[in-house]
Structures are given as structure tokens and as C-alpha cells.
There are 2 protein chains.
Amino acid sequence: MQAIPYIALVSALAALALAAFYYKNVSSAPAGNERMVSIMKQIQAGARAFLRQEYTWVAGFVVAMAILIPVVTGVALSFVSYLLGAALSAGAGYAGMTVATMANARTTNAAIDGPAKALPLAFRGGAVMGFSVAGLSLLGLTFTYLLFVEWIGTNDAFEIFTAFGLGASSIALFARVGGGIYTKAADVGGDLVGKVEAGIPEDDPRNPATIADAVGDNVGDVAGMGADLFESYSGSIIAPVALTAFSLGLTADAASHDWNVQLLMFPIAVAFVGMIAAIIGSFAVRGGDSSEVKALARQLHRGTTVAMFLTVIGTLIMGGVFFGDADLFEAWYGLPLSVIGGLVAGWGIGKVAEIWTSDHFKPVRRIASQAETGPATTVLSGVSAGMVSVAASVGLIAVGVLIAYWGGQQTLGDTTFGGVYGIAVAAVGMLATTGVVVSVDAYGPIADNAGGIAEMSELDPSVREVTDALDSLGNTTAAIAKGFAVGSAALTALALFKSFEVALTSAAAEEGRDFALSLDVGSVDVFIGLFLGAMVPFLFAALTIDAVGRAANKMIEEVRRQFREIPGLREGTPGVEPDSAACVGISTRGSLREMLAPGALAVVVPLVIGFIDVDALGGFLAGALVTGFALAIFMANAGGAWDNAKKYIEAGAHGGKGSDPHKAAVVGDTVGDPFKDTAGPSMNILIKVMTIVSLVFASAFV
Amino acid sequence: MQAIPYIALVSALAALALAAFYYKNVSSAPAGNERMVSIMKQIQAGARAFLRQEYTWVAGFVVAMAILIPVVTGVALSFVSYLLGAALSAGAGYAGMTVATMANARTTNAAIDGPAKALPLAFRGGAVMGFSVAGLSLLGLTFTYLLFVEWIGTNDAFEIFTAFGLGASSIALFARVGGGIYTKAADVGGDLVGKVEAGIPEDDPRNPATIADAVGDNVGDVAGMGADLFESYSGSIIAPVALTAFSLGLTADAASHDWNVQLLMFPIAVAFVGMIAAIIGSFAVRGGDSSEVKALARQLHRGTTVAMFLTVIGTLIMGGVFFGDADLFEAWYGLPLSVIGGLVAGWGIGKVAEIWTSDHFKPVRRIASQAETGPATTVLSGVSAGMVSVAASVGLIAVGVLIAYWGGQQTLGDTTFGGVYGIAVAAVGMLATTGVVVSVDAYGPIADNAGGIAEMSELDPSVREVTDALDSLGNTTAAIAKGFAVGSAALTALALFKSFEVALTSAAAEEGRDFALSLDVGSVDVFIGLFLGAMVPFLFAALTIDAVGRAANKMIEEVRRQFREIPGLREGTPGVEPDSAACVGISTRGSLREMLAPGALAVVVPLVIGFIDVDALGGFLAGALVTGFALAIFMANAGGAWDNAKKYIEAGAHGGKGSDPHKAAVVGDTVGDPFKDTAGPSMNILIKVMTIVSLVFASAFV
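This structure is a prediction, so every number in the text was calculated from the model and none was measured.

Moving on, we get to the overall build of chain A. Per the secondary structure count, chain A includes 20 helices and zero strands. Its C-alpha atoms give chain A a radius of gyration of 24 Å, near enough to 27 Å, the size a compact globule of 702 residues would have. Counting all 702 residues of chain A, 69% fall into the buried class. As displayed, chain A offers around 20,700 Å² of accessible surface, 60% of which is attributable to carbon and sulfur atoms.

Turning to the relation of the copies chain A and chain B, a few remarks are in order. The transform that puts chain A on chain B rotates by 180° and translates by 0.0 Å along the axis, for an RMSD of 0.0 Å. Each copy turns onto its partner about a two-fold axis. Looking at the rotation axis and the C-alpha trace of chain A, the residue lying nearest is aspartate 520 of chain A, at 2.2 Å. The fraction of interface residues of chain A whose copies in chain B are also interface residues reaches 100%, indicating that both copies meet through the same surface.

As a further point, take the interface of chain A and chain B. On the side of chain B, 63 residues touch chain A, which itself brings 63 residues to the contact. At the boundary of chain A with chain B, total buried surface from both sides reaches about 5,400 Å², with 84% on carbon and sulfur atoms. Linking chain A to chain B there are two salt bridges. Aspartate 546 of chain A is the salt-bridge partner of arginine 366 of chain B, the closest N and O atoms lying 3.2 Å from each other. Run the count over chain A and chain B and you get four residue pairs in polar contact (both at pLDDT 80 or more). Broken down by secondary-structure element, the contributors of at least two residues to the side of chain A that touches chain B are helix H11 (362–370), helix H12 (375–412), helix H15 (461–510), helix H16 (524–565), helix H18 (614–650) and helix H19 (660–696) of chain A.

Turning to the packing of aromatic side chains, a few remarks are in order. This model, assessed by the stated rule, comprises 44 aromatic pairs over all chains. The interplanar angle of 85° and the centroid separation of 5.0 Å between the aromatic rings of phenylalanine 611 of chain A and phenylalanine 701 of chain A together place this pair among those described as edge-to-face. Highlighted residues: phenylalanine 611 of chain A in helix H17 (residues 580–612) and phenylalanine 701 of chain A in helix H20 (residues 698–701), separated in sequence by 90 residues. Take phenylalanine 611 of chain A: its relative accessible area is 46%, and that puts it in the partly exposed class. Ring geometry for phenylalanine 323 of chain B and phenylalanine 329 of chain B: centres 4.9 Å apart, planes at 80°, overall edge-to-face. The burial state of phenylalanine 323 of chain B is the same as that of phenylalanine 329 of chain B; both residues are buried. Grouping aromatic residues by their ring pairs yields a cluster made of Phe497, Phe500 and Phe629 of chain A together with Phe527 and Phe531 of chain B. Positioned above the aromatic ring of phenylalanine 563 of chain B is the side chain of arginine 570 of chain B, whose terminal nitrogen or guanidinium carbon lies 5.2 Å from the ring centre.

Further remarks concern the environment of arginine 206 of chain A. Residue and element names in this part refer to chain A. Structurally, arginine 206 can be placed in the loop between helix H5 (157–198) and helix H6 (210–247). Judged by relative accessible area, which is 23%, arginine 206 ranks as partly exposed. Residues contacting arginine 206, with those up to four places away along its chain left out, are Ile200, Pro201, Phe563, Leu569, Arg570, Glu571, Gly572 and Pro578. A polar side-chain atom of arginine 206 sits 2.9 Å from a polar atom in the side chain of aspartate 204. In this structure the side chain of arginine 206 is engaged in a polar contact, spanning 2.8 Å, whose partner is the backbone oxygen of arginine 570.

A few words now on a nonpolar patch on the surface. All names here are of chain A. Among the surface-exposed residues, Tyr6, Leu77, Phe79, Val80, Leu83, Phe143, Trp151 and Ile152 lie close enough to one another that they form a single nonpolar patch of about 680 Å² accessible area. Looking at the nonpolar patch, the elements with two or more residues in it are helix H3 (78–111) and helix H4 (115–152). Mapped onto the elements, phenylalanine 143 comes out in helix H4. Owing to a relative accessible area of 35%, phenylalanine 143 belongs among the partly exposed residues under this scheme.

So, on to the packing of helix H2 (residues 34–73) of chain B against helix H3 (residues 78–111) of chain B. All names here are of chain B. Where H2 meets H3, the axes come as close as 10 Å, and the angle between the chain directions of the two elements is 170°. Classified by the interaxial angle, the pair formed by H2 and H3 is roughly antiparallel. Grouping the amino acids of the contact of H2 with H3 by side-chain chemistry returns 21 nonpolar, nine polar and three charged.

Membership of the largest hydrophobic core comes to 540 residues, with the highest contact counts inside it found for Phe266 and Phe634 of chain A together with Phe266 and Phe634 of chain B. In terms of residue count, H15 of chain A provides more of this core than any other element does, 23 residues in total. Dropping the residues within four chain positions of it, phenylalanine 266 of chain B is found in contact with Thr315, Met318, Gly319, Phe322, Phe323, Leu335, Pro336, Val339, Tyr421 and Val425 of chain B.

We now examine the pattern of salt bridges. Applying the stated criterion to the full structure yields 43 salt bridges over all chains. Arginine 561 of chain A is the salt-bridge partner of glutamate 565 of chain A, the closest N and O atoms lying 2.8 Å from each other. In this pair, glutamate 565 of chain A and arginine 561 of chain A both sit in helix H16, four residues apart, roughly one turn of the helix. Aspartate 643 of chain B is the salt-bridge partner of lysine 676 of chain B, the closest N and O atoms lying 3.6 Å from each other. Here the residue lysine 676 of chain B occupies a position in helix H19 (residues 660–696), and aspartate 643 of chain B occupies one in helix H18 (residues 614–650), the gap between them amounting to 33 residues.

All names here are of chain A. Relative to the helices and strands, serine 232 is located in helix H6. In this structure the side chain of serine 232 is engaged in a polar contact, spanning 2.9 Å, whose partner is the side chain of lysine 688. In this view, serine 232 contacts Leu431, Ser488 and Lys688; residues no more than four positions away in its chain are not counted.

Let us look at the side chain of threonine 627 of chain B. Summarising the element assignment, threonine 627 of chain B is placed in helix H18. Overall, the relative accessible area of 0% leaves threonine 627 of chain B in the buried class. Threonine 627 of chain B has contacts with Thr627 of chain A together with Ala534, Pro537 and Phe538 of chain B, leaving out every residue within four places of it along the chain.

Residues and elements named next belong to chain A. With respect to the helices, strands and loops of the structure, phenylalanine 497 is situated in helix H15. The exposure class of phenylalanine 497 is buried, given its relative accessible area of 2%. With 193 residues separating them along the chain, phenylalanine 497 and methionine 690 place their C-alpha atoms 9.8 Å apart.

Despite not being glycine, glutamate 458 of chain A has its phi angle at roughly 50°, a positive value. Here glutamate 458 of chain A shows up in the loop between helix H14 (434–456) and H15.

Turning to H2 of chain B, a few remarks are in order. All names here are of chain B. Across its 40 residues, H2 extends 56 Å between first and last C-alpha, which sits within 8% of the 58 Å expected from 1.5 Å per residue. At valine 58, H2 shows its maximal bend, which comes to roughly 30°. Put simply, asparagine 33 is the residue that caps the front of H2, since its side-chain oxygen is 3.1 Å from the backbone nitrogen of arginine 35. One or two positions beyond H2, positive phi appears at glycine 74, with a value near 80°.

Conventions adopted
- Residues numbered from 1 in each chain as written.
- Chains lettered and ligands numbered in written order.
- Predicted model: local features only at pLDDT ≥ 70, side-chain atom pairs only at ≥ 80, totals over all residues.
- Heavy atoms only, no water.
- Helix = DSSP H or I, 4+ residues; strand = E, 2+ residues; numbered from the N terminus.
- Rg over C-alpha atoms; globule rule 2.2 N^0.38 Å.
- Buried < 20%, exposed > 50% of the residue type's maximum accessible area, 1.4 Å probe, protein only.
- Areas by Shrake-Rupley, 256 points an atom, 1.4 Å probe, with all protein chains shown as cover.
- Least-squares fit on C-alpha atoms with pLDDT ≥ 70 in both.
- Contact = heavy atoms within 4.5 Å.
- Buried area = accessible area lost by both parts, 1.4 Å probe.
- Salt bridge = Lys/Arg side-chain N within 4 Å of Asp/Glu carboxyl O.
- Polar contact = N/O pair within 3.5 Å; in protein donor to acceptor, adjacent residues only side chain to side chain.
- Phe/Tyr/Trp six-rings, centres within 6.5 Å; stacked < 30°, edge-to-face > 60°.
- Lys NZ or Arg CZ within 6 Å of the ring centre and 35° of its normal.
- Patch = residues over 30% accessible without salt bridge, like charges linked within 9 Å, V, L, I, M, F, W, Y side chains within 5 Å.
- Axes fitted to C-alpha atoms, helices over the stretch in contact; angles between N-to-C directions.
- Parallel < 35°, antiparallel > 145°, perpendicular 65-115°, else oblique.
- Nonpolar A, V, L, I, M, F, W, Y, C, P; charged D, E, K, R; others polar.
- Core = buried A, V, L, I, M, F, W, Y, C linked by side-chain atoms within 4.5 Å.
- Expected span 1.5 Å × (residues − 1).
- Bend = angle between axes of the 7 residues up to and from the residue.

In C-alpha cells, the structure reads:
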């Protein structure tokens, strides 16, 4: 059993080796002609500049927290794991983005030879991100565990371990919000002037915001999403470990003895199994000989399907190994069932997202047909579609939670702890295959960028057709990743919430005080907390949507100025180039400034409430969790549905491109942009940051 | 103290006498020329037909419930109070609507002489509704109380009393949802074909949907809103009485003894004080000599201000009378403070609504200026404005709850019961002045209808200007009514929720079973309940929005058909009349069919959850309450903001009527229509119906 962290560490190194292999693979592919290389380099420079500036700003926050946490909580070494979590998260984002901005032009170039060449390249570009995220996270976690629990063996080992998660969350919060604002400010701002006012196509090289838009795909959908999943993955493993340690009152010493160690090791073992499964799954993705896009779609799906199947098998075996001893545990199959329940619920939420956002199904087609009666009915039908998808997703989460809870009780006996532990490992199950799931997800923005480069380099339209097909494929496969991200956020937050409850009680007990946390929803402070918690996701969404609006307005002004002041730009006179760098700078400054208020909200509000009244904080976290989950699903699916309704019309339905229904659908799509790419995805992190902040500072609240 | 119900009963009769006086007053005013009378009669006939059909449909549901409740709960006589609550609610709605459809043409006629004549008439028309609602509710409540508690003195007297509220809720639910769907189907459907396709102005007599639109104002904004406030008013008084009775284990017999009677009587006393204050306040509204609209606005505000001021004074006096005995109570001023806290919080939520929806303030102006960049940014800025207003309103509710809780503890001592009782009477404070508040609210749709009649009768445009000014005034004053309705819903639901908790425990105790309701948000069933509860308002909103869409589509087809098939209609050939009755019929059938699914959802879901797991039901109600409140505020204020941003542009800003920003603002307004008039206002009732259903069936769940 003691070997598990070392084995997991080795699997993490294997994942990183795979990432390095894919990196070499991608970098050795030809990047195309001079113009393509030049555009790629502009995107690369813009994305790097943004990330460097973002990290500089966030560094201030991270350093302040690294000082604050040990001072307030009294756990001196927590700053080490906090900084490690933050640094590795930042590193994974940076690595993934570097490769993504290198894979884009190469994918364009490969698309000249058809999709069979381009798809594997884009996938491998994404896989660098996927395996960097999973590998660095598992590496960091196992190292932190070994260092503080096994090697140093401090008393506060598990508090220190938990701080790793807060480090990851800190980066994720700002990366998601900042990147989300960046990408939509550039996208919306560029489109409104370019497509609507100047009447030039999307991604046209004359539009000064086109490069900024491509940069946005990388900093938002690649780096932001990477930091998000790094945080989710880390959090999911931390939650069951922290729950075990705090519930059973483990110190580092106790952990190495008796049966508790099984509970500490099981999540790490599941992560190890998932990692190996993801590595094998990634090899299942091949271009093949087909040039049919639908056949290629099966390739991408095969990668995740293989990985999930192997994870299920591996988890069942691990269940037998860990919990087979009938003297210690009641039923060996219980906790594996929890893991599988989580996996299936996450997959189900992804399927719900697919059904509500793919044009093969009724909701998107209904939105497209409502576009016939104008933008208002388009918006309304998208709103209601998004809201119905909330009901379906909540139903799945409820079933997943019940199965996981039941499974935990089967193995660990009929106490609350066993059930909640089951919920915690269900989240690990959802995210175990993160390596390959993120690969498929990060594939999307690479294909999107590749299309932009094809357009800007004025390649043959057939190349754009190939990249468009790859891109639309990415929309569907990404739905599963989103399902896992938001589903695991709910489960992880639930488990962390329980850990917070336990940590509070034990912190009070340590000081010899009698402290009963009353989380009865019938008590007034819990109820007020619930009200405030339910309100915060709305406020957070409003802040991020407004931030996109303000940053987009600045972009609009700049694009208008360039069209006005640079002679020959609008007409496309040869040799006249837009000042793309100015637009990149505007998006960078705008999004960084705008990410501060929502980011601060997420960290400060739970601290303030916690120091006033911990019961209210309990209600607050619960309210924020359930409402944040609902809003996250609503915004993601409504946004995705509008996007694909527009694409469905562009493909020829209801009058096709340029028709009135198309214009109405564009309005829906624009409304959905900050929903699905800024506010929606930030909700996952919001609810987890607030929970993990509360958990880390729990001892200080008492 | 025993005299209180009789005094309250007399004040209720006084309110009804005032309603009768205003009715005579309105009916004796001249209704104008032949064309106006003919239009008025068409509206009247349509509204009556709808209400009769609605009541027929709902009667089936009401009868089923009247059988189900005694059978399931074992409280035989509860069907009497249930039916009484339902019948009086229906009666109040019918009476109010009858006068409103009579006051509209008379207001138009008076508007020929200027606003000073028209305003008092419209107000009096609304006042019939206002005082019918408050009078019939208080009459029914005091009669039920006297009958079962004092005269018959059955053991289950308070269970029976509570069923009155469920009767009122049953009618309110369907009236709000059905009326809300009707009014928006006619409005959206008529506008989309008339204004957008045929290019004829709003309320043009050629548009076949114009009469249906005017009918909609009456069945939605008058009858629906009346049933809503009848339910809110009744619920607010029932909540503290039920809380007292169930918490202290009172039977009819015990109620007439010891100090508990003070707690049973205080809410009724506050209602009595508020009723008298409202009657006096209504006399403070006079037309005066001024023809300036702004001066007239002060008249309307004066009515509510006077009423609230008198209520504060009267409540303080009542506090001294009720709680002055230092042997029985700790501080006399505590509970009056709770009432005043509720009043102020409700007023504050109304103010927030006004700030976020009036064009005198920044949010609406920002939406109007965002209309310059098209419909998408208009929609997004409205969404974010609505969401920010949620934060402000939740803050006010939190402060109101804290004050009310604290006040309750001051008088009743440092137990949970005292605090929650304080919250319950705070809701009574919010709604005590319902008589005059509803008068001012119902004034709005009358003025709106008057404008429509002016347009359809082709009167001089100056008449329309007067009615438009009165109408825009109504939007602002109605904000306060909405604040009271939604604020009191939160407080009442909170108090009913607590009663539900208590009722469950005591029902179990009666059967000799040891039953502890565990509402710890950390327990898995409560958490799943919380998740499901948070989801239901989203699902409910989606169902009602879709219902409006479907019903509007049918209307669009019919209007298109008439323009196509009736020769000379579009051109306005003299003597050619549209088939308005067909449109009225379509709206009626469509909305009645569509109200069933959301209505059933509200009643069935809590019953199903309750019979499976009462802990989960507790979490469910809490989750639905906080999310429903947030969504209600969001939808109401976003919708109001879009509406007034459009009106602001129509008044000349950003290019005025017909400009591109105006078109963008119309999109926002259309999106907001079902938000603010269908889904949003139904939320109040949704959360209360679910709570009161749970309370009434509590004994059966155990």
C-alpha cells in the first residue's frame, strides 16, 4: 500500500513523457508557408505576452495569500504546497498554450492534405496540454503527499496537502476569468465592427482584431481551460484525502498505520489507473486513411471511450485489491461503484450538453426555426433550452450522488462518512481520464485557430472547409469535457464542504472548546447564508458579462479607429497591414483589469462571512454550490445551443448565411458568447474556490 | 384581545364597502362614444370568457384537492377553508377585472379633459381591485379563524385555518401562470406580425390581436396580479398564526387561554391597522387641479406613503397594547420593529426595482446606450443589470430578516421561535397596506388599456399622450407593489417553512413516534433536495417561457391568416373589421392548455419528494426558495429595464423611434416580456405553493 504514491508518481512522469513525445511530434511537423508562420508567431507572441502579464498580476495575489495562509491558520508550511500548486498550474497552462500556438499553423498546413493528416496533429497538440495538466497535477500531489505525510511527517501534513488545491484554484480562478474575458472581448468586438459594420468576413486579415481573437482562443480555451482542469483534477483527489484525514483525525503519523491508509491511497490509485487508461486511450486516436470527417469523429470518441472503459475495469480491480479484506471492509465493490457512478454521471451530463447543443437534436433545431421570427424569439428559445438542460443535469447529479453515497456505505458501513467519501471518489472517477479528455477538448481551439490561419493566409477555401469540419467536431467532443468539469465541481465541492464541516469541529475540539456547527437550514443564519450564497453566482455572472462588454467596447473603438485612420485597410490594398498588436494590447490590459473584481469577490466574501458567522458560511457555500451549478449549466448549454443554431443556419437551413434568420441567430450567438466562454465556465471554479478557501481557513474561523 | 378578530372583520367589511363605493364612482362616469363603448365591451366579453373558462378548468383541480387534502391528512373540515380560500380569491380577481374592464374606456374619456380627470378614475378602478383583494382576504381569514377556533373549537382548527392559504395559492398559481401566458402571447404575437411584418402601429384597430392584447392586460396584470396578492396577503397572516399554533402545540381550546393569544392576534391586528391606513391613504389620492403629470405622480405616491406612515404609527401602538405587559413579554418594541423592518425591506426592494428599471437611473440608460451596438449587447446589458439587482435585493432581504429576527427575540426571548415569529410578522408588515398598494398597481393596466382604446377609437393623438403619461407613471409605482410581493414571498415562505418543520415533528410525536427532522445541509438527502429545489425555478421558468412562445406562434399564424384572407384589412378600408374574437379564443385556449404543466409541477413535485424523504423535502423547499427569489428578481428587473430602455429611446434618445438602436431595444423588450410578466411573477407563487402544500400535507408525510 505504501508503494501507491510512488507508482502514481511514476504514472505522472509517464504522462509527462508522453506530453514531451507529442510535443516533439508536433514541433517536427512543417508549419507551412512564410505568411502562415508569420501569423502563427504573432499569435504566439500575443498569447505569451498575455500569459506573462497575467501571471505577473496574479503573482502578487499568490504571494499575499502565501503569507496570509500560514499567518492566519498557523500552519507554517502550507505556503510551500500552496506555491507549488499555483506554480504547477501556471506551468501546465503555459506549456499547453505554447504547444497549442505551435500546433495551429501546422494543423492548417496538414489540412492541405486533408483531415486524415490534420486531425491527429491537432489532437496531439491538445494532448500536450491534456497530459501536462494531469501529469503535473498528479506529480505535484503525490510529491506533496510524500514530502509532508511520509518523509517529514508533520502534524499538519493534511492541512498542508489541502493548501495545494487552493494554490491551483487561485491560478485557475484568474486564468479562467481573465482568459474568458480576453477571448470574448476580442471575438465580440472584432465581429461587431468587422462582420456587422465593415461587412468583411470572419478572420479576414484586414480586421485588426483577428489576431487578438486567435490569441483569445489560446489564452481562454486552452490556458484557461487547462488551469480549470488542473484545479478540478487536483481538487477531486484532495477532497477524499482531506475528508478521510479530518474526519478520522489523522495526523501524518497515523496515516501510515491501520486501515485508514487504504482510504488515503484509493483516490490516488484511481488517478493512477485513469492516467494509464488515458495514455492508452490517446494511442487509440489515429488519423486512419479515411478523409470522411464522420469517420474521424469516431477516432476522437474512441480515445475517450477506450480510456473510460479501461478505467472502469482498473477501478474494479483496485476495489478488490483495496477493499477485499472482509475483516476490514463490508463490500469490496461499493467504492468502485461510487467511482463508476461518478464517471457515468459526468458522461451523462456531457451527453445532456451534447443533446442540447448539437444540431442533430431538437433543441438547437428549435432555436434555428425560432430565428425565423427574429432575434427576440431566438434568445428566448435559447434561454428556455438552457434552463431545461439544467433540470436534466441536476437529475443526473442527484442520481450520481445517490449511487456514490450508497456505494461508499456498502464498503465503509452505514455512516455518513462512508457515503460522503463515496461522493468524493466519484469526482475522482469523473476526472481520472482527464489526460485524454482535455486532449480532445484542447483539440477544438487548435482546429479553430487553424481555420483562422487558413483564412488570414488566404489559402484555398478547401483548406478552410477541412478545418471547419474539424472545428465543428471539436464542439461536440468538448461537451463531454465540460460535463466532467462541472459535474466534478459539484461533487468535489460537496466533499470539500463536508471536510470543512469536520475541520471546523475538530479545530474547535483541539482548542478544547465545545463547538457544534449548526447547519440546520431552518436556522436563520444558515438561511441568510443560503440566500447570500444563491445570490453570489448571479453577481459574479453579471460582473464577468459586464467586463466582457467594457473590454469589447474598447476593442470596437480601436478597430473603428484603424479602419478610419489607416488608408487602404478596409479596401484590402496590398501591403497595408492592420496594427494587430494594438488590439492584442487592448484585450490584454482590458481583461486583466476586469478580472480583479470577480476574482476578489470569490476569495473575500467567504472569508468575511466566515469570520462573522461560520453557520452562515455553511449555508452560503451550500447556496452558492447549487445555484452556481445551475447557472453554469444554463449558461454553457444556452450559449452552445445558440452557437450551433447559427452554424446550422449557416450550413443552409432557414435561408442560410446572410438571411434574416441568420442575422437573428448571430444575435443569439453573441449573447451566448460571454455566457458559455466567460461567465459559465468560471462558475465551476467560483464554487470550488469559495469552498476550498473556507476549508483552508476553517481553523481560523473558530 | 378576543375582540380583535371581530374588529378586523369589521375593517375588512369597511374595505369592501370602500370597494363598492369606488365601483359606483367608476360606473357612473361616462364611457365615451359608441366606438369606445363597443371596444370596451369586446374587451369585457373576452376577459370574462377567459376567466370563466379558467375557473372552470381550475375548479376541477380545486375539487380534486378538496377531496385529497382531508383524505390524505385526515383533517376532515380542511376542505371547507380550502374551498373558501379558493372561492374568495377567484371572486376578488373577478370583481377587480370587471371594474378594470369598465374603468378603461371611462379613463380614456376622462383623458380628453386631461390627466387631472383621468388619473383619479384609473386609480379608483384599481382601488376596487385593491380593496376587494385585501377585504375579501381578511374577511375570509377572520371568519375561518372565528368559525373553527372560537365557535366550533375543533382540535385541528389551525390545520384547517392553514388550508385557507392553500386554497388561495391554488387559484393564484393558475391565475398568474395562465394570465401571464395569455397576456404575453397576445402581446408578442400581435406585435411581431402587426408592428414588424405589417408595419402598422401598436394598438391599431386593423390588428386582429389588439383586443386580445387589451384582454391580456386585464386577465394577466389585473386578475392574475390580484390573485397573487390575495394569496400573498392571506399567506402572510397565516404564517405567524400557524407558526405559533404548531410551535406551541395549540389546539383551538388552548388558543383562547394564556399569552399565546397575543401572538395569534398580533398579525391580525397589524392587518387591521394596515387596512385602516390603506383606506385613509386611498383618500389622499386626488386629481387636483394640476395637469402636470409629475405633479400627479406625487398623488399616487402620496397614497402609499400616507398608508405606510400610518401603519408604522399604528403598529407601534399595537405593540404597546399587545406586549406592554412586562410579566409576559421582554420588550414591547421588538415585534413592532420586526413589522417595520419588513415594511422598510419591502419598500427597499421596490426602490431597487425602480432604480434598475426607471430611465431616471444609470442601468436603463446604459442598456439604451448599448442598443447602439445592436440587439445582442442590449440583451447582455439587461441580463447583467437584472443580475446585479438580485444582489441588491438579496442584501435587503438579508437585512430585513436580521432585523425581524432580532425584533422577535427582543419581545419573545432568545429562542429560535421568537426570531422566526418576527420574520413572519415582517411579511405582514410588508403587505398590511395591500389595499392601496394594489390599487396603485392595478391602475397601470387600466391606463394601458385606456391608451389602447384611444388608439383603436382613433381619438385625437393628444388623448393618447395623456394616457401614455399615466401609463409610464404606472410602471414606476408598480415597482413598489412588486417589491412587496416578492419580498413578502421570501419572508412568508421562510416562516411557513419553519411551520412545516414544526408540524412534521409534532405530527410524528402525536403518533408516539420519535422523529427528528434533520435539515443539516451537510447530509446527503438534504443536499440532493437543495439541488433539486434550486433546479425547479429554472425548469418552471423554461416551461412558462416556452408556453408563451407556443401560444404566441398560434396567434401569429391567426393574425397572418386574417391579413391574408380578409380583403381590405391591412389597407384599413372603412367598414372592414378584423375577427378579434378569433384571436381572443386562440389566446384563451392556448394559455389555459399551457398553464397545466407548470401548475402541476408546483403541486406534484413537493408531494412526491415529501412522501419519499422529508429531509430531502426540507432541502428542496430551501433551495427553491432562495433560487426562486433570485430568479424572480432577475427576470422582473431585467424585463422592466428593457421595457423602459425601449421607452427611453422612443422618447427621443439614441435616435428615437424607428432608428437602429430602437430596433435593438425592441428585441430586448420582447425578450423581457415573458420574463417580467409570465415567468418572473409566477416565481413568488411557485415558492409559496410548494411550501404551503408541504405544510398542509406535513402530517401525512411522517
